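Here are the chains, one letter per residue:
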Amino acid sequence: MSLDEEYTAYVSGRLTWLRRIAYPLCQDWHRADDLVQTAITRLYVKWRQARVADDLDAYVRVILVRVFLAEQRGGWFSRVRPTPTLPQSSFEGNDRDTAMDLHRALTAVPPRQRVTLVLRFHCDLSVEQTARALGCSTGTVKSQTARGLATLRSILGAQDAHLAHKEEC
Amino acid sequence: MDAEHLFDRLAHQEQPPTSVDVRRAIVSGGAIRRRRRAGAAASALAACTAVMVTWLVLPQSGQRDGVAVAVPTGTPVTSTTPSGPSAEAAAEPTDAGFEKLKKKYPPLGKIASMPEIPIWMWLGRWSAASSEGPVLCSARDGGGATCAGFPPLGAKEFARTQGRTTGPLNEQQVRALHPDATARQLRELIEEQQRQNTLGRIFFGIARTEVHGITAVTTDGREVPASIARDAGAGLGVWAVRLPVGVTTESLIVTDAGGKTLQRIRGG
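Since the structure is predicted, the reported quantities are computational estimates derived from the model, not experimental observations.

What about the overall build of chain A?
At step 1: Each helix and strand counted, chain A has nine helices and zero strands in total.
At step 2: Taken over 169 residues, chain A has a buried fraction of 33%.
At step 3: Counting contacts in chain A only where the partners sit at least 6 residues apart, residues at least 24 apart contribute 62% of the total.

Shown next as structure tokens:
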């Protein structure tokens, strides 16, 4: 199997997984696709080194996270692309409101904290693994996690209270 | 609020059709790889250029102009007469750069004078306290001087190219390398480069003492003998060859006293 075939086989099998990580980071499937596309392009450039990595999945995940963080630093105009259609929502009925609340709450969490939360709770990484992926100390991971969760709680909690108040009226 | 539950909800969403294209990633990634390779080649070229530029030291006030040096007319490429080794200090360059480097890296042997190139070369000592190997120094009258360390010759190596001159730099490149130079100095530097360039391209390097001849074979089949100064110090000799403008070397043939080929250096 040639290197390209090996790469294609690996990436094809991991696309869904990568999109599931990218989506909580940006809350937009189109942007998630862009992130994944950029990440797998970078992976191809480094494929010779990456294929012999101890944990290839972790390697790719780090690329994806770095692509996301680098894009965040690039400015709003580089992240927003006008599209003729509205973003597709995969939630139905009552779930749609909940999903919108979740999206709004996650969007309010700063990118670095959001990445920490995604790695910790979505990818189920330990504090040490998250620290390695982000290239920071475990103390930083803990503080970022705490702050991110506090932000989420404050927003979701406020919305719950707001909704409760409306229902009472 | 349970964070894991929150993210689980996101994870179990149904994914819309993806627009990610693996083939596109391969094409884009391949283009990036090619650009990086080209960038690395450009860096190597810049390093060669830097070697050339170190020769072009700024003219010092009160010194004679480099143009005044007696430079023989270009040796015909078809010449078969080897330029004889002349490991002796003849009229030395008068550049301040040459004197400075000679003092900083004192010659281990004699300074090899090769007026037919024209170039002066010697193997210098790093410093009295240093255990480092020798450095190869070269100087051209009016063209500055340079010294650089080099790894020892390998078991199967009899000679090696350690430096070569490149084409002239444009005004912008010269300005970038000499930001403090005045307009007049820049003009002089550029003129000096153009003058040096008309003399052709010079390759120079080191050789073992058993090497008696080095011949540059050009891509069009012509042979240009190099000048060699054997035993310039540290058990090594030095050599240099000048090729006319526009001529490219295919290889350098290294031979012993009997004319037997010891080594062939591809590309020079």
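Observations regarding the sheet that holds strand β7 (residues 213–218) of chain B
Residues and elements named next belong to chain B.
At step 1: Spatially, the four strands line up as an open sheet ordered β8-β7-β11-β12, and their pairing is antiparallel. Of all the strands in the sheet, the pair left with one neighbour each is β8 (223–225) and β12 (261–266). Direction aside, neighbouring strands of the sheet carry axes that sit 25 degrees apart on average.
At step 2: Inspection of the sheet shows β7 paired to strand β11 (residues 249–255) by six bridges, in the antiparallel sense. Bridge pairing in β11 links Ala216 to Leu252.

A look at helix α2 (residues 29–45) of chain A
At step 1: Its 17 residues place the ends of α2 of chain A 24 Å apart at the C-alpha level, agreeing with the 24 Å of an ideal helix rising 1.5 Å per residue.
At step 2: Counting buried residues along α2 of chain A, 13 of its 17 residues qualify, which places the element largely inside the surrounding structure.

A look at unusual backbone geometry
All names here are of chain A.
At step 1: The backbone of Gln27 shows a phi angle near 55 degrees, a positive value even though the residue is not glycine.
At step 2: Mapped onto the elements of the fold, Gln27 is located in the loop between α1 (3–26) and α2.
At step 3: With 19 C-beta atoms counted inside 10 Å, the residue Gln27 sits in the partly exposed group.
At step 4: One non-glycine residue, Asp124, adopts positive backbone phi at about 55 degrees.
At step 5: Owing to 10 C-beta atoms within 10 Å, Asp124 belongs among the exposed residues under this scheme.

Observations concerning the interface of chain A and chain B
At step 1: Counting residues at the interface gives 28 residues for chain A and 23 residues for chain B.
At step 2: Per-element accounting of the side of chain A that touches chain B gives the leading share, ten residues, to α1 of chain A.
At step 3: Residue classes in the side of chain A that touches chain B are distributed as 15 nonpolar, eight polar and five charged.

Points about the packing of helix α7 (residues 111–122) of chain A against helix α8 (residues 127–134) of chain A
Residue and element names in this part refer to chain A.
At step 1: Between α7 and α8, the shortest axis-to-axis distance is 9 Å and the interhelical angle comes to 135 degrees. The orientation of α7 with respect to α8, classified from their angle, is oblique. For the crossing formed where α7 meets α8, the hand is right-handed. Between α7 and α8, the residues in contact are Val115, Thr116, Leu119 and Arg120 and Thr130, Ala133 and Leu134, respectively.
At step 2: Split into classes, the residues belonging to the contact of α7 with α8 amount to four nonpolar, two polar and one charged.

Observations regarding the pairing of β11 of chain B
Successive side chains on a regular strand alternate, one facing one side of the sheet and the next facing the other.
Residue and element names in this part refer to chain B.
At step 1: Judged from the five bridges that link them, β11 and β12 form a sheet pairing that is antiparallel. Across the sheet, Ser251 pairs through a bridge with Arg266, a residue of β12.
At step 2: Linking two consecutive strands that pair antiparallel, namely β11 and β12, is a turn of five residues; a positive phi of about 85 degrees is found at Gly259 within it.

Some points on α7 of chain A
Residues and elements named next belong to chain A.
At step 1: Of all the twelve residues making up α7, nine are buried; the element is thus mostly covered by neighbouring parts of the structure.
At step 2: Buried within α7 are the following residues: Arg114, Val115, Thr116, Leu117, Val118, Leu119, Arg120, Phe121 and His122.
At step 3: Immediately beyond the C-terminal end of α7, within one or two residues, lies Asp124, with a positive phi of roughly 55 degrees.

Brief notes about the environment of Glu250 of chain B
Residues and elements named next belong to chain B.
At step 1: Looking at the secondary structure, you find Glu250 in strand β11.
At step 2: Judged by C-beta crowding, with 15 C-beta atoms within 10 Å, Glu250 ranks as partly exposed.
At step 3: A C-alpha to C-alpha distance of 4.7 Å links Glu250 and Gly267, two positions 17 residues apart in sequence.
At step 4: Among all residues touching Glu250, those that are not within four sequence positions of it are Val217, Thr218 and Thr219.

Brief notes about the confidence of the model for chain B
All names here are of chain B.
At step 1: On average, residues of chain B carry a pLDDT of 73, and 67% of them reach 70 or more.
At step 2: Mean pLDDT in chain B bottoms out at helix α4 (residues 171–177), which sits at 68, and peaks at β7, which reaches 89.
At step 3: The model gives residues 53–89 a pLDDT under 50, and that stretch makes 72 contacts with residues more than four places away or in other chains.
At step 4: Here the complex is predicted with pTM 0.45, and the ipTM for its interfaces comes to 0.74.

Thoughts on the nonpolar core
At step 1: Among the nonpolar cores identified, the biggest contains 43 residues, and Ala22, Leu35, Val36, Ala39, Leu64 and Phe68 of chain A are the most heavily contacted of them.
At step 2: Secondary-structure elements contributing two or more residues to this core are α1, α2, α4 (56–73), α6 (94–108), α7, α8 and α9 (138–168) of chain A together with α1 (3–11) of chain B.
At step 3: Residues Leu101, Leu136, Ala207 and Ala240 of chain B belong to the second largest nonpolar core, which totals 41 residues.

Some words on the environment of Val135 of chain B
At step 1: Inspection of the secondary structure puts Val135 of chain B in strand β3 (residues 135–140).
At step 2: For Val135 of chain B, a count of 21 C-beta atoms within 10 Å gives the class buried.

Notes on the packing of α1 of chain A against α4 of chain A
Residues and elements named next belong to chain A.
At step 1: The contact between α1 and α4 brings their axes to 11 Å, and the two run at 35 degrees. The way α1 lies across α4 gives a crossing that is right-handed. Residues Arg14, Leu18, Ile21, Ala22, Leu25 and Cys26 of α1 pack against Val60, Arg61, Leu64 and Phe68 of α4.
At step 2: Looking at the contact of α1 with α4, its residues break down into eight nonpolar, no polar and two charged.

Description of the sheet that holds strand β10 (residues 236–243) of chain B
All names here are of chain B.
At step 1: What the four strands build is an open sheet, ordered β5-β6-β10-β9; its pairing is antiparallel. Both outer strands of the open sheet, β5 (159–164) and β9 (227–233), are each paired with one neighbouring strand and no more. Strand after strand, the sheet turns through a mean of 25 degrees between neighbouring axes, direction not considered.
At step 2: Where β9 lies against β10, four bridges are found, and the strand directions are antiparallel. Within β10, the residue paired with Ile228 across the bridge is Trp239.

Calculation rules
Residues numbered from 1 in each chain as written. Chains lettered and ligands numbered in written order. Predicted model: local features only at pLDDT ≥ 70, side-chain atom pairs only at ≥ 80, totals over all residues. Helix = DSSP H or I, 4+ residues; strand = E, 2+ residues; numbered from the N terminus. Buried ≥ 20, exposed ≤ 12 C-beta atoms within 10 Å, placed from the backbone. Contact = placed C-beta atoms within 7 Å. Pairing = 2+ DSSP bridges. Axes fitted to C-alpha atoms, helices over the stretch in contact; angles between N-to-C directions. Expected span 1.5 Å × (residues − 1). Nonpolar A, V, L, I, M, F, W, Y, C, P; charged D, E, K, R; others polar. Parallel < 35°, antiparallel > 145°, perpendicular 65-115°, else oblique. Left-handed = near helix turned anticlockwise from the far one by under 90°. pLDDT = per-residue confidence, 0-100. Core = buried A, V, L, I, M, F, W, Y, C linked by C-beta atoms within 7 Å.

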